[in-house]
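Residue strings, one per chain:
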Amino acid sequence: MTDIFDFGTGVDRYAVIGNPIAHSKSPRIHTLFARQTGQKLEYTAIQVDTGGFAQAVGNFQASGGKGLNITVPFKEEAWAYVDKRSERAELAGAVNTIKFEKAHILGDNTDGVGLVDDLRQNCEVNLKNKNILLMGAGGAARGVIAPLLEHKPAKLTIANRTVDKAVALANIFKAYGQVEGCGYEDLDARYDIVINATAASLGGDLPPLPPACITTKTFCYDMMYSAQATVFMKWAAAHDVLKYSDGLGMLVGQAAESFYLWRGIRPDVKSVIAQLRQELAA
Ligand code: ATR
């Protein structure tokens with residue numbers, strides 16, 4: 001953690017705000033991006049207590065900070081805080097990136113594009129005309145729906161334990177493509193792509209996905225990541241799916257999009273994913 005009143009370093013300053021924040025990979029990722037692209041910047045982590053978000057953002061801006069990443073549990077508060085939003089942030093109902101512009105505080109959401117880029121570029125999974133199952137109907141799921149629909153899947157099904165939340169979420173995005181919400185017990189199709197956006201992996205649990213929904217051609221993606229395979233990845237491997245991945249590439253992808261918004265340069269993500277993978281394993 002650094003002092004947020006640290007004036008006068010002469011270097012553009014960015015930070016990630018969240019709670020907890022000590023284990024955030026964002027400072028490492030942005031430092032690697034800066035090194036790779038020859039950009040001079042400083043990126044730190046700021047832990048903020050409940051009720052202290054607006055003050056912390058105000059202090060950071062007043063001290064000359066250029067932009068922020070926002071993580072759990074402040075993404076919705078950040079959405080309400082900014083005075084201008086990108087369309088994808090508006091739809092996501094959450095902001096993970098703030099850019100302090102001359103006349104505005106711009107809120108963006110780069111999580112969805114981080115996922116889609118990882119799926120398409122790193123995992124080499126095509127989304128067009130595919131049958132996609134998204135598990136979970138919380139903030140993590142909401143942020144990726146519009147970016148997934150942009151790539152014209154045949155259908156996006158949102159499954160959730162609390163069925164009403166899945167149905168309500170699908171209704172919000174009806175105008176953007178083929179999307180429906182249901183419970184796990186209602187699932188009767190086979191899916192090309194299954195994405196785990198639930199918080200189940202955090203507690204070492206599995207969402208109740210019927211094995212009949214997957215085949216040996218299914219690609220499984222867990223938006224969580226860890227040094228070892230997540231429970232969902234182990235489940236996917238045990239069920240002999242085509243391929244599976246954790247969400248480390250999504251994390252680096254959303255960071256790359258934030259970096260682009262702030263600096264106008266797109267860093268190469270593959271080398272940074274490889275570096276982080278090595279560091280996670282060490
Ligand atoms: P986030 O912002 O990470 O999405 P959230 O808004 O609390 O967090 O949402 C958590 C999601 O994970 C919800 O969809 C939740 O399902 P419910 O709405 O039915 O609670 C889902 N979830 C959490 N633990 C789960 C578990 N063990 N099995 C299945 N779904 C789970």
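Residues numbered from 1 in each chain as written. Predicted model: local features only at pLDDT ≥ 70, side-chain atom pairs only at ≥ 80, totals over all residues. Heavy atoms only, no water.

We now examine the domain arrangement of the chain. Along its sequence, the chain is carved into domain 1 (12-109 + 249-281) and domain 2 (112-246). The C-alpha centroid of domain 2 is placed 25 Å from the C-alpha centroid of domain 1. Contacts between the two partners involve 20 residues from domain 1 and, on the opposite side, 20 residues from domain 2. Together, the buried faces of domain 1 and domain 2 total about 1,500 Å²; carbon and sulfur atoms form 58% of this surface. (Domains from an automatic or database assignment. Contact = heavy atoms within 4.5 Å. Buried area = accessible area lost by both parts, 1.4 Å probe.)

Looking now at the packing of helix 1 (residues 26-37) against helix 10 (residues 269-281). Contact geometry of helix 1 with helix 10 gives a least axis separation of 10 Å together with a crossing angle of 135°. It follows that helix 1 is oblique to helix 10 by the angle criterion. Like other packed secondary-structure pairs, helix 1 and helix 10 cross with a definite hand, here right-handed. In contact with Arg28, Ile29, Leu32, Phe33 and Gln36 of helix 1, helix 10 contributes Ser271, Val272, Gln275, Leu276 and Glu279. In the contact of helix 1 with helix 10, the residues fall into 5 nonpolar, 3 polar and 2 charged. (Axes fitted to C-alpha atoms, helices over the stretch in contact; angles between N-to-C directions. Helix = DSSP H or I, 4+ residues; strand = E, 2+ residues; numbered from the N terminus. Parallel < 35°, antiparallel > 145°, perpendicular 65-115°, else oblique. Left-handed = near helix turned anticlockwise from the far one by under 90°. Nonpolar A, V, L, I, M, F, W, Y, C, P; charged D, E, K, R; others polar.)

With mixed pairing, the 6 strands of this open sheet are ordered in space as 2-1-3-5-6-4. Edge positions in the sheet fall to strand 2 (41-47) and strand 4 (84-85), since each of these pairs with one other strand and no more. In the sheet, strand 3 (residues 67-70) pairs with strand 5 (residues 97-100) via 3 bridges, with the strands oriented antiparallel. Its bridge partner lying in strand 5, Leu68 is registered against Ile98. On the sheet, helix 1 packs against strand 1 (12-18), strand 2 and strand 3 and is oriented at approximately 175° with respect to strand 2. (Pairing = 2+ DSSP bridges.)

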